[in-house]
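# Residue-level structural notes
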Amino acid sequence: MSVLVTGGAGFIGSALVDLLVAGGHEVVVVDDLSTGSEANLAGAMATGLVRLEVCDIRRPEVSDLIAEASPEVVMHLAAQADVQASIDDPVNDAEVNVIGTIRVLDGARRAGTRKVVLATSGGTLYGAPDPSRLPYTEAEPHAPMSPYGLSKKAAGDYLAAYGPLHGIAHTTLALANVYGPRQDPHGEAGVVAIFARSLLEGEPCTVYGDGNQTRDFVHVADVARAFVAAMDAADGLLLNIGTGIETTVNDLYSAMASAADGAAEPQRAQERPGEVRRSALDASAAAAALGWEPSLGLADGVADTLAWFDRG
Ligand SMILES: NC(=O)c1ccc[n+]([C@@H]2O[C@H](COP(=O)([O-])OP(=O)(O)OC[C@H]3O[C@@H](n4cnc5c(N)ncnc54)[C@H](O)[C@@H]3O)[C@@H](O)[C@H]2O)c1
């Protein structure tokens, strides 16, 4: 099958490209390399099954490029994916995540693409609902509290309307906190990558607030499997992709520090404004529709991530 992956040079996108190539699929990656890199695709490109098109999805040419590539399936992961950056520059966030998405969908329509699978953010889509309903299902109201959450929701809304309008099957995957090899350890997000790099370099880790805030950490290899499963199933659905397990940042730190043979107590800093207190996603709908379940527990996933960062 021919598959086009936007954002395929990024953290999650490159793991997906690796899995597609392992399945014998031909892949076109569309990426502007703003946060992704060609190095992330080195192994996949060596197979000869992958072509990289460096292109910004905000540009009109991206639709022509997709129309010409004529993929059977489009996986849309390219995004401005930083919550703080979306607060600082909401216009740029919307240009990439909303206008860019419309251009990608337009290309898919012109290409006669059978299916589009979109990555959205399960951590921001539901806002901060009553924690007594944790882990959250897809039935929670969609009430994001940041420009990033809003632009990703808008992308999903566009797809849900655009697909039926133009006869394109579609699935939106609402991802929990994804972690694993190739995650950028330098940004604000990606606490596992940030801790991994600091622990391996012998630098202190910083925990914001009391550290009892929770997140649902799902390994990137499991997330990539969900995208592949969605190529042929779950048409018309929004599906949570997470473990349903809440892990506190304090517990994550302890697990990682002991796995890395390291470090005393982390540094403490003031809680960051706008941070959600608790988060976990119920993925039973994905189990039913995709036969998908997470396979890597946090202990194994963290060990795998540390080993990857250690290889440098
Ligand atoms: N990492 C997470 O925990 C998480 C959680 C929920 C949803 N997501 C979503 O998953 C997707 C992938 O995120 P990631 O964590 O791999 O981030 P990432 O930054 O590693 O990947 C994004 C990719 O998109 C590319 N890109 C950015 N702007 C572009 C543009 N204008 N034109 C073309 N390419 C562009 C980047 O170069 C990068 O390769 C995003 O849609 C993100 O919103 C991520």
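Structure's up top.
The shown structure was predicted, so the numbers you read here are calculated from the model rather than taken from an experiment.

We now examine the overall build of the protein. Scanning the protein from N- to C-terminus turns up twelve helices and 13 strands. The C-alpha atoms of the protein give a radius of gyration of 19 Å, which matches the 20 Å a tight globule of 312 residues would have. For the C-alpha atoms alone, the extent of the protein along its principal axes is close to 55 × 45 × 40 Å. Looking at the protein residue by residue over its 312 residues, the buried ones come to 49%. Long-range contacts, defined here as pairs at least 24 residues apart, represent 79% of the contacts in the protein between residues at least 6 apart. Once the 20 positive and 41 negative side-chain charges of the protein are each reduced to a mean point, those two points are 4 Å apart.

What follows concerns the environment of G274. With respect to the helices and strands, G274 occurs in the loop between β13 (267–269) and α11 (284–290). Separated by 63 residues in sequence, G274 and G211 have C-alpha atoms that sit 15 Å apart.

Before going further, it helps to examine the sheet that holds strand β11 (residues 237–241). The strand order across the open sheet built from seven strands is β3-β2-β1-β4-β5-β6-β11, with neighbouring strands paired in parallel fashion. Every interior strand has two partners, whereas the edge strands, β3 (50–54) and β11, have only one. The mean angle between the axes of side-by-side strands here comes to 20 degrees, regardless of whether they run parallel or antiparallel. Looking at chain direction, strand β4 (residues 73–76) and strand β5 (residues 115–121) are connected through four bridges and run parallel. Residue H76 lies in a different strand from β5, and its bridge partner there is L118. Against the sheet, helix α3 (residues 61–69) touches β1 (2–6), β2 (26–31), β3 and β4, its axis set at about 175 degrees to β2. Against the sheet, helix α9 (residues 220–229) touches β4, β5, β6 (169–175) and β11, its axis set at about 165 degrees to β6.

We now examine the site of the ligand. Residues in close proximity to the ligand total 28 residues, the closest being D31, T35, D56, Y148 and K152. Measuring from a nitrogen atom of the ligand, one finds a backbone N or O atom of I57 at 2.9 Å. Contact between the ligand and L77: an oxygen atom at 2.9 Å from a main-chain N or O atom of the residue. Protein burial of the ligand: of its 830 Å² of free accessible surface, 90% is covered by the chains. Among the secondary structure elements, those contributing two or more residues to the shell around the ligand are α1 (11–22), β5, α7 (147–166) and β7 (177–179). Top element by residues in the shell around the ligand is β5. It accounts for three residues.

Moving on, we get to the environment of M256. With respect to the helices, strands and loops of the structure, M256 is situated in helix α10 (residues 249–259). In this structure the C-alpha to C-alpha distance between M256 and V302, which are 46 residues apart in sequence, comes to 6.6 Å.

Calculation notes
Residues numbered from 1 in each chain as written. Predicted model: local features only at pLDDT ≥ 70, side-chain atom pairs only at ≥ 80, totals over all residues. Heavy atoms only, no water. Helix = DSSP H or I, 4+ residues; strand = E, 2+ residues; numbered from the N terminus. Rg over C-alpha atoms; globule rule 2.2 N^0.38 Å. Buried < 20%, exposed > 50% of the residue type's maximum accessible area, 1.4 Å probe, protein only. Contact = heavy atoms within 4.5 Å. Lys, Arg positive; Asp, Glu negative; His and termini not counted. Charge placed at Lys NZ, Arg CZ, Asp CG, Glu CD. Pairing = 2+ DSSP bridges. Axes fitted to C-alpha atoms, helices over the stretch in contact; angles between N-to-C directions. Near = heavy atom within 4 Å. Polar contact = N/O pair within 3.5 Å; in protein donor to acceptor, adjacent residues only side chain to side chain. Areas by Shrake-Rupley, 256 points an atom, 1.4 Å probe, with all protein chains shown as cover.

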